[in-house]
Structure formats: C-alpha cells, structure tokens
Amino acid sequence: WPSRLWCVVELFVALQMGKGIHDIELHELPSSSPFDDFDAVHAQCFDPKDRETMLTLIEAGCGRIEVFNDRVREVLKQCQDANARHTRQQKRGSGLSLLRRKVSEEEFN
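In this text the structure is predicted, and so the values were computed from the model without any measurement.

Okay, the overall build of the chain next. Broken down by element type, the chain carries three helices and zero strands. From first element to last, N terminus to C terminus, the chain shows the α and β order α-α-α. Relative to its 109 residues, the chain shows a buried fraction of 26%. In the chain, the share of contacts with a sequence separation of at least 24, taken over all contacts with a separation of at least 6, comes to 75%. Carbon and sulfur atoms form 53% of the exposed surface of the chain, whose accessible area is close to 8000 Å².

Its location among the elements puts R51 in helix α2 (residues 48-62). Side chain to side chain, R51 and E52 meet in a polar contact 3.0 Å long. Once residues lying within four places of it in the same chain are set aside, the contact partners of R51 are L5, V41, H42, A43, Q44 and C45.

So, on to the pattern of salt bridges. Side-chain pairs of opposite charge can arise whenever the charged atoms involved come near each other. Across all of its chains, the model carries four salt bridges by this definition. Among the salt bridges present, the one from E74 reaches R71, with a minimum N-O distance of 3.0 Å. In this pair, E74 and R71 both sit in helix α3 (residues 65-108), three residues apart, roughly one turn of the helix. Using a relative accessible area of 40% as the deciding quantity, one classes E74 as partly exposed. We classify R71 as partly exposed; its relative accessible area is 28%.

Our focus in this paragraph is the nonpolar core. Counting residues in hydrophobic clusters, the biggest one holds 21 residues, and the most contacted among them are L5, A40, I58, F68 and V72. Going through the elements one at a time, α1 (5-16), α2 and α3 are the ones with two or more residues in this core. With near-sequence residues (within four places) excluded, I58 lies in contact with L5, V9, A40, G63, I65 and F68.

Attention now goes to α2. In a regular helix each residue adds 1.5 Å, so 15 residues correspond to 21 Å; α2 covers 21 Å between its end C-alpha atoms and thus fits that length. Within α2 the residues assigned to the buried category are R51, M54, L55, I58 and C62. Looking straight down α2, one finds that the buried residues subtend no more than 100 degrees of arc, so they occupy a single side. Opposite the buried face of α2, by more than 90 degrees, sit the exposed residues K49, T56, L57 and A60. Its side-chain oxygen at 2.9 Å from the backbone nitrogen of K49, D47 defines the N-terminal cap of α2. Looking at the residues trailing α2, positive phi occurs at G63, about 90 degrees.

Right, let's get into the confidence of the model for the chain. Taken residue by residue, the chain gives an average pLDDT of 76. The fraction at 70 or more is 71%. For the chain, the element scoring lowest by mean pLDDT is α3, at 69; α2 scores highest, at 92. Under a pLDDT of 50 for its full length, residues 98-109 has, in the predicted model, zero contacts with residues more than four places off or in other chains.

Conventions we followed
- Residues numbered from 1 in each chain as written.
- Predicted model: local features only at pLDDT ≥ 70, side-chain atom pairs only at ≥ 80, totals over all residues.
- Heavy atoms only, no water.
- Helix = DSSP H or I, 4+ residues; strand = E, 2+ residues; numbered from the N terminus.
- Buried < 20%, exposed > 50% of the residue type's maximum accessible area, 1.4 Å probe, protein only.
- Contact = heavy atoms within 4.5 Å.
- Areas by Shrake-Rupley, 256 points an atom, 1.4 Å probe, with all protein chains shown as cover.
- Polar contact = N/O pair within 3.5 Å; in protein donor to acceptor, adjacent residues only side chain to side chain.
- Salt bridge = Lys/Arg side-chain N within 4 Å of Asp/Glu carboxyl O.
- Core = buried A, V, L, I, M, F, W, Y, C linked by side-chain atoms within 4.5 Å.
- Expected span 1.5 Å × (residues − 1).
- Arc of directions from axis to C-beta.
- pLDDT = per-residue confidence, 0-100.

Structure representation (structure tokens):
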C-alpha cells in the first residue's frame with residue numbers, strides 16, 4: 001500500500017489531526033523495511049489528476065516533498081516496530097498458555 005498515494009496521505013492527515021501511533025493499525029507490514037526508500041513522487045493514484053493534486057497539496061502543507069517523505073518513513077518505522085513488539089508478545093503469551101495447559105494436564109494424570 002505505500003505505493004498508493006491516497007493511503008499514505010490518509011495516514012499523514014490522521015497524524016496531522018492529532019492521532020498518535022497507538023491509534024494506527026497497519027496490517028501486513030513486512031518485517032524488513034521497504035519504507036526506507038519511500039518517496040511520494042513514486043506513489044501512484046488511479047487518476048493521474050488526483051496524484052498531481054495531492055503532490056501539490058503535500059508540498060503546500062509540508063514545504064517540500066522530502067519533509068513529507070521523512071515523516072512518513074518515520075511513522076511507518078514506528079508502526080513496524082510496534083507490530084514487531086506486538087507479535088513477540090503474542091508469541092510469548094501463546095507459549096505460556098501452552099505451558100499452562102501441559103502442566104494442568106500432568107497434574108490430573
């Protein structure tokens with residue numbers, strides 16, 4: 001989805017309106033970061049006119065596309081890190097529940 005300009009702009013607008021990283025849930029983030037090279041100039045829209053309009057608005061709001069790109073990369077990295085932490089916690093939790101189940105079974109045998 002980072003190649004879809006509408007998706008990235010929606011993320012950015014949510015952050016500008018005061019949403020925090022904890023309010024954002026991104027699914028299917030790869031564990032290795034393809035976002036280091038994110039550049040809004042390479043993102044696409046179905047309608048080329050929308051793309052040009054959004055790039056113009058990004059420049060007007062951020063001063064330069066590079067500022068927008070840096071902010072988006074930062075947010076995506078934070079979301080990716082949060083997803084990785086959540087995944088590790090889930091794995092640890094499922095291991096504990098399996099261990100509890102095994103101990104409980106052994107107590108009753």
